[in-house]
Amino acid sequence: MDGWWRRDPFFIRYMAREATAPFVAAYAIVLLVGIVSLARGADAYEEWLEALASTGWIVAHAILVAIFAYHTYTWFQIMPKTMPPVVVRGRRLAPEVITFAGIAAAVLASLALWILVAYGAP
Amino acid sequence: MADTRKIVLEVLRYTPGQSTAPTLQQYPIEFTDDMSVLQGLQQVKDFVDGSLTFRWSCRMAICGSCGMMIDGAPKLACRAFLRDFLPGPLRVEPLEHFPIERDLVVDISDFVDKLGRITPWIEPREPRSLEQGEYLQTPAQLERFESFSHCINCMLCYAACPQYGLDSRFLGPAATALLHRYNSDSRDGAQAKRMELVNSEEGVWACTAVGYCSEVCPKAVDPANAVNQNKTASAVSWFARFLPGRG
Amino acid sequence: MKRSNQPFFWLLFGAGGMLSALIGAMLVFITGVAAPLGLGVHADLMSHANAIAFARGIPGKLFLLVVVSLFLWHAAHRIYHSLHDLGIPPGPLAQAACYGTALLGTVVATVALLAIGF
Ligand code: SF4
Ligand code: FES
């Protein structure tokens with residue numbers, strides 16, 4: 001079974017989907033370091049903030065945004081296969097409808113978060 | 001004769017006791033537009049090499065016996081058309097993840113054994129006598145399991161499943177789809193027994209939702225959905241144990 | 001037949017996967033791109049004073065804890081299965097490495113958030 005996933009483009013897409021996980025963890029760890037530095041005091045936190053503002057980290061985060069967006073797409077793409085059928089007026093919802101609804105929900109939730117942060121924050 | 005075209009079939013050959021390892025053999029054939037891969041193989045067997053071994057019966061995607069790897073993907077040979085694989089050569093191999101018995105014939109005993117383990121019949125929820133009449137079911141109740149009963153046991157989904165390939169103890173797509181067919185039948189009462197298998201380490205939990213099984217299924221059974229619905233069911237049963245009054 | 005312990009981890013995986021699918025990309029954009037560059041958000045959005053105020057409130061604390069820990073559990077479960085896909089056998093050792101890391105992250109986040117105070 002060595003290298004089995006190279007056999008079929010379907011498997012390559014699957015592995016790409018699974019490969020988003022370390023990046024999700026990486027972002028969680030960036031946040032975790034921030035929280036810990038916040039607990040350690042103002043100086044430690046400022047250091048973390050400064051690091052985030054470096055070109056390297058900004059580029060890295062821009063790449064992470066794309067990876068997270070890919071995660072969103074793949075998450076809702078597989079969703080119709082992983083959830084119980086939704087029956088609306090006696091008919092099963094088509095897979096494309098479920099995927100579309102999921103992505104639409106993600107767009108709405110993200111917009112809400114943006115509005116909250118850009119206009120609601122001090 | 002009507003328009004014929006040429007393609008080379010590159011077929012895996014293996015004879016137990018004679019071959020040390022599988023080899024590929026090339027068979028140039030002429031075919032017409034309406035010919036399936038199965039017909040191509042039959043042409044070879046009838047006119048070129050009678051020793052070529054493969055399974056088939058219905059020729060119409062019903063019996064489920066002609067599953068093989070065609071151009072690297074699990075397909076029914078009677079449902080795949082030679083014209084779609086030009087210019088060739090077209091690689092034809094036995095189903096992935098099963099031991100080869102001879103040429104394109106695989107040993108399916110593991111799958112047959114799995115089918116036997118899922119209690120593949122209805123155990124009535126409430127016994128009824130003849131006088132009480134038949135068990136009635138509404139269209140909505142039928143709808144809950146009907147698609148999962150369309151499986152023809154072709155095992156394409158097993159050949160498509162990397163988790164089954166990595167560890168064949170995994171119950172796998174089709175057997176779980178059939179299990180789900182019975183478990184979601186309103187007349188059935190053997191859910192608890194089947195859930196033991198679902199919940200076990202051989203049950204649904206090896207699945208990583210690759211989803212290729214549902215993609216290759218010729219009958220739109222969507223076995224991936226059956227497996228994943230049973231993850232939900234299994235998770236519910238995992239936590240239900242901690243409720244008061246439950247074992 | 002031995003009951004699998006996967007349901008527990010799978011639910012955390014699902015919760016983290018859903019949360020990151022819904023807001024992950026935007027959250028990374030805000031903290032990693034928009035805030036450092038002052039793009040569309042207040043330049044001191046993540047200043048020390050603002051961060052402390054956010055992390056002292058109950059909703060802010062919960063949000064940070066939920067994001068960090070669920071993202072970690074989501075990743076841990078996926079990586080555990082990816083290891084198997086790459087030929088590393090599943091089992092107690094791989095589980096301890098993957099889920100253990102997520103647990104550690106959750107504990108550290110909890111302790112730090114408590115230390116920040118209310
Ligand atoms: S679920 Fe589909 S692919 Fe699998 S054995 Fe049944 S018919 Fe074949
Ligand atoms: S010969 Fe029966 S399914 Fe192909």
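Look above for the structure.
Residues numbered from 1 in each chain as written. Chains lettered and ligands numbered in written order. Predicted model: local features only at pLDDT ≥ 70, side-chain atom pairs only at ≥ 80, totals over all residues. Heavy atoms only, no water.

S.K.: Looking at this structure, I do not really get the overall build of chain A. What am I missing?
M.R.: Looking only at helices and strands, chain A features 5 helices and 2 strands. Order of helices (α) and strands (β) in chain A, N terminus to C terminus: α-α-α-α-β-β-α. For 122 residues, the compact-globule estimate of 2.2 N^0.38 gives 14 Å, and the C-alpha radius of gyration of chain A, at 19 Å, exceeds that figure by more than 25%. Seen through its C-alpha atoms, chain A measures out along the principal axes to roughly 60 × 45 × 25 Å. When each of the 122 residues of chain A is scored for burial, the buried share is 41%. Once local pairs closer than 6 in sequence are excluded, the contacts in chain A between residues at least 24 apart make up 43%. In chain A, which carries 9 positive and 8 negative side-chain charges, the distance between the mean positions of the two groups comes to 22 Å. (Helix = DSSP H or I, 4+ residues; strand = E, 2+ residues; numbered from the N terminus. Rg over C-alpha atoms; globule rule 2.2 N^0.38 Å. Buried < 20%, exposed > 50% of the residue type's maximum accessible area, 1.4 Å probe, protein only. Contact = heavy atoms within 4.5 Å. Lys, Arg positive; Asp, Glu negative; His and termini not counted. Charge placed at Lys NZ, Arg CZ, Asp CG, Glu CD.)

S.K.: I'm lost on the pattern of salt bridges in this one. Help?
M.R.: Two side chains with opposite charge may pair up if their charged atoms get near one another. Per the stated rule, a full pass over the model turns up 20 salt bridges over all chains. For A:Arg92, the salt bridge is made with B:Glu143, and the minimal N-O distance between the two is 3.8 Å. Taken together, the residues A:Arg92 in strand E2 (residues 91-92) and B:Glu143 in helix H3 (residues 139-143) connect one chain to another. For A:Arg92, a relative accessible area of 34% puts it in the partly exposed group. Taken together, the shared-partner salt bridges connect A:Arg17, A:Glu18 and C:Arg78 into one network. (Salt bridge = Lys/Arg side-chain N within 4 Å of Asp/Glu carboxyl O.)

S.K.: So what exactly am I meant to see when it comes to empty space enclosed by the protein here?
M.R.: Gaps left between atoms are located by rolling a probe of water-molecule size over the structure's atoms. Residues and elements named next belong to chain B. Under the criterion given, the structure shown has 3 cavities of 30 Å³ or more. Size it by volume and the largest cavity reaches roughly 120 Å³. Cys-161, Cys-207, Val-210, Gly-211 and Cys-213 are, among the 15 residues lining the largest cavity, the residues nearest its centre. Those elements that provide at least two residues to the lining of the largest cavity are helix H5 (162-166), helix H8 (212-216) and helix H9 (223-240). The class makeup of the residues in the lining of the largest cavity is 12 nonpolar, 3 polar and no charged. Space inside the second largest cavity adds up to approximately 80 Å³. What lines the second largest cavity is a set of 13 residues, and nearest its centre among them are Cys-151, Cys-157, Ala-174, Cys-217 and Val-221. Secondary-structure elements contributing two or more residues to the lining of the second largest cavity are helix H4 (156-160) and helix H6 (173-183). Of the residues contributing to the lining of the second largest cavity, the split by class is 12 nonpolar, 1 polar and no charged. (1 Å grid on protein atoms, 1.4 Å probe; cavity = no way out; pocket = protein on both sides within 12 Å on 5 of 7 lines; lining within 4 Å. Points joined across faces, edges and corners; volume = space filled by probe spheres on them. Nonpolar A, V, L, I, M, F, W, Y, C, P; charged D, E, K, R; others polar.)

S.K.: It is not clear to me how the packing of helix H2 (residues 21-40) of chain A against helix H3 (residues 58-85) of chain C should be interpreted in this structure. Could you clarify?
M.R.: A packed helix pair is summarised by two numbers, namely the angle formed by the two axes and the spacing between the axes. H3(C) packs onto H2(A) with a crossing angle of 150 degrees between their chain directions and a minimal axis gap of 8 Å. Classified by the angle between their axes, H2(A) and H3(C) sit roughly antiparallel to one another. Read as a crossing pair, H2(A) and H3(C) show a hand that is left-handed. On the side of H2(A), the interface is formed by A:Ala21, A:Pro22, A:Val24, A:Ala25, A:Tyr27, A:Ala28, A:Ile29, A:Leu31, A:Leu32 and A:Ile35, while H3(C) contributes C:Leu64, C:Val67, C:Val68, C:Phe71, C:Leu72, C:His74, C:Ala75, C:Arg78 and C:Ile79. Here the residues of the contact of H2(A) with H3(C) are counted per class, giving 17 nonpolar, 1 polar and 1 charged. (Axes fitted to C-alpha atoms, helices over the stretch in contact; angles between N-to-C directions. Parallel < 35°, antiparallel > 145°, perpendicular 65-115°, else oblique. Left-handed = near helix turned anticlockwise from the far one by under 90°.)

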